[in-house]
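Structure assessment
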Amino acid sequence: MVSTLPVEVQSSGNQYLSQRDSGTILSPNQELLPLNARVNHHNSLEIGGCDVTTLVQQFGSPLYILDEQTLRTACQQYRDTFKQYYKGESQVLYASKAWNCLAVCAIVASEGLGIDVVSGGELYTALNAGVSSDKIYLHGNNKSREELILAIESGSTIVVDNWYELKTLVELATTDAAIRMMLRLTPGIECHTHEYIRTGHLDSKFGFDPNDLEEVFAFVSKQPSLNCVGLHAHIGSQIFERQPHRDLAAVMVQWFRDAAKYDLELTELNVGGGLGIKYTESDDPPSIAEWSKAICEVVQAACASLNLPLPKLLCEPGRSLIATACVTAYTIGSAKTIPDIRTYVTIDGGMSDNPRPITYQSVYRAVVANKMSASLTETVTLAGKHCESGDILIKNAQLPKTEPGDILVVMGTGAYNYSMASNYNRLPRPAAVLVANGEANLILQRETYEDIIRQDCLPERLK
Ligand code: LLP
């Protein structure tokens, strides 16, 4: 996409559109706005060929707007890089905890990706979206018997997290067919976004301790009802370095060698997800292709040095597949200026549709969709409408002068926003639309007040 913006308006909302020359291959996780974002001749933000302000008029506010092409591009970049650089078989899974709903599962599956689910609800959604169960992997550190049974009956693979689950599976097994499962291990690599450490023991609620590995392998190898196909590990999220995953992949290949001593024929190696995205100008994650290539190379080199056959290589990114594809549009309402302190500008949502700022102090960037070329003259604090002082979406946002009715667009909201949304203060959850080629389709209906009281029960004696 060619940016036709004159230099003098770069300090407007347009600054968040990277210089996009046709021919440049953009990695969605390195962008702030979706790949199909542009400013139209009304100086208004358009995504997927749809004017954002018009979308809000049509579908209401707040509104999640998901750009189909950005999501598909991220899927293709993962899939194709693994195909290009890995000489064995590979399978990219989408960690659907980032955003699990029918439409997202269907899009991702249509790009050939499998799906990682972490609950019966996510599994049920993926199955109903038509995802083939041989590409579904169920995670979780305390799966219920019902969840395990749903996974077994549907033919999904279970990523076993601990001894309790392992023994429960042996109990649940029938003579029909062995349960397809893999083992999750805690690798002793801990990431805090910009740094990582390697330890012998890791304080994590997830996965088997690697010190128990031999015992676990010995147990599993004696269970005819379990078909253990491989190993899994995940080291963290919003990671910008490549080295932690390189170390992880190398450690995991050594575990494969250890399994061979127990006559376990493991064929699948899953390195988890974790690649970070750009939320602000200073975030500098590697591209999807760079990250994927690094993993492929390390696994191949480690297998060659240990003389092991190449396993089927899996990864399961969430955030880097979907975060940048979505923005949230809000309508600006009240404002309050406290002289010499700050100006609060309030939007019609907040911590119920995006709990990440209040939960993790996450930083976002925003633009005013109907004033994309206006100069950024104001520094304001964007507040949500919840009865909680901490419900602040963005501190010190640089915006043009705003008025009630303006449409504020927060970028990078595709991951862990809708999926972590709540009804705090009994706010109905927003609608979501999928945009592509100038068309918008509803993928999540806006909740109504009726939905809000749907699960309430009023005992007879209170009436
Ligand atoms: N696989 C496993 C086993 C995971 O636990 C996760 C994320 C992923 C894959 C995907 O990781 P990603 O590629 O998205 O980094 N709510 C937090 C993020 C929690 C991530 C939990 N696990 C947030 O909003 O930042």
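Note: the structure precedes this text.
To keep things clear, this report deals only with the structure shown in the data block. Within any chain, residue numbers begin from 1 and follow the written order of that chain's sequence. The model is predicted, so local features are restricted to residues of pLDDT at least 70 and side-chain atom pairs to those at 80 or more, both for listing and for counting; the totals for chains, interfaces and linings are taken over all residues. In computing side-chain properties, one takes all heavy atoms of the structure into account and sets aside hydrogens as well as water.

Here we come to the overall build of the chain. Broken down by element type, the chain carries 12 helices and 22 strands. With respect to the three principal axes, the spread of C-alpha positions in the chain is 70 × 65 × 40 Å. Sorting the 463 residues of the chain into buried and exposed places 55% on the buried side. Whether two residues touch is decided by their heavy atoms; if any such pair falls within 4.5 Å, the residues are in contact. Expressed as a percentage of contacts within the chain between residues at least 6 apart in sequence, the contacts between residues at least 24 apart total 69%. Surface summary for the chain: the accessible area is close to 20,100 Å², and the carbon and sulfur share equals 49%. Charge separation in the chain, taken as the distance between the mean sites of 38 positive and 53 negative side-chain charges, equals 1 Å. Put simply, DSSP H or I for four residues or longer makes a helix, DSSP E for two residues or longer makes a strand, and each gets a number counted from the N terminus. Relative accessible area decides the class of each residue, using a 1.4 Å probe on protein chains only: under 20% of the type maximum gives buried, over 50% gives exposed, and in between gives partly exposed. Every accessible area reported is derived by Shrake-Rupley at a probe size of 1.4 Å, with residue values counting cover from the shown protein chains alone. Only four residue types enter the tally: Lys and Arg on the positive side, Asp and Glu on the negative side; His and the chain ends are excluded. The location of each charge is read from NZ of Lys, CZ of Arg, CG of Asp or CD of Glu.

This paragraph deals with the packing of helix α5 (residues 145-154) against helix α6 (residues 163-172). Where α5 contacts α6, the two axes come as close as 11 Å, and the packing angle between them is 60 degrees. Here α6 runs oblique to α5, going by the angle between their axes. Here α5 and α6 pass one another in a crossing that is right-handed. The segment α5 lies against α6, with Arg 145, Leu 148, Ile 149 and Ile 152 engaging Glu 165, Thr 168, Leu 169, Glu 171 and Leu 172. Fitting a line to C-alpha atoms yields each axis, with helices limited to the stretch in contact; the angle taken between N-to-C directions then spans 0 to 180 degrees. Our angle categories are set so that under 35 degrees counts as roughly parallel, over 145 as roughly antiparallel, 65 to 115 as roughly perpendicular, and the remainder as oblique. Here a crossing is taken to be left-handed if its near helix is turned anticlockwise relative to the far helix by less than a right angle, and right-handed if that turn runs clockwise.

A few words now on the sheet that holds strand β2 (residues 45-47). Backbone hydrogen bonds hold the strands of a sheet together, and the pairing may be parallel or antiparallel. The strand order β1-β2-β3 describes an open sheet built from three strands, whose pairing is antiparallel. Bordering the open sheet on either side are β1 (37-39) and β3 (50-51), each of which pairs with just one other strand. Any two strands between which DSSP finds at least two bridges are classified as paired. Direction of pairing for β1 relative to β2: antiparallel, over a ladder of three bridges. Each residue of the ladder has a partner; that of Arg 38, found in β2, is Glu 46.

Turning to helix α1 (residues 52-59), a few remarks are in order. For α1, every residue scored as buried is listed here: Val 52, Thr 53, Leu 55, Val 56 and Phe 59. Each buried residue of α1 lies within a common arc of 160 degrees when the element is viewed along its axis, so the set occupies one face. Those residues of α1 that are exposed and aimed more than 90 degrees away from the buried face are Gln 57 and Gln 58. The backbone nitrogen of Thr 53 lies 3.2 Å from a side-chain oxygen of the residue at the head of α1, namely Asp 51. One or two steps after α1, the chain reaches Gly 60, where phi turns positive at roughly 90 degrees. The directions from the helix axis to the C-beta atoms form the arc being described. Polar contacts, as used here, are pairs of N or O atoms within 3.5 Å; protein pairs need one atom able to donate a hydrogen and one able to accept it. Residues neighboring in sequence count only if both atoms are side-chain atoms.

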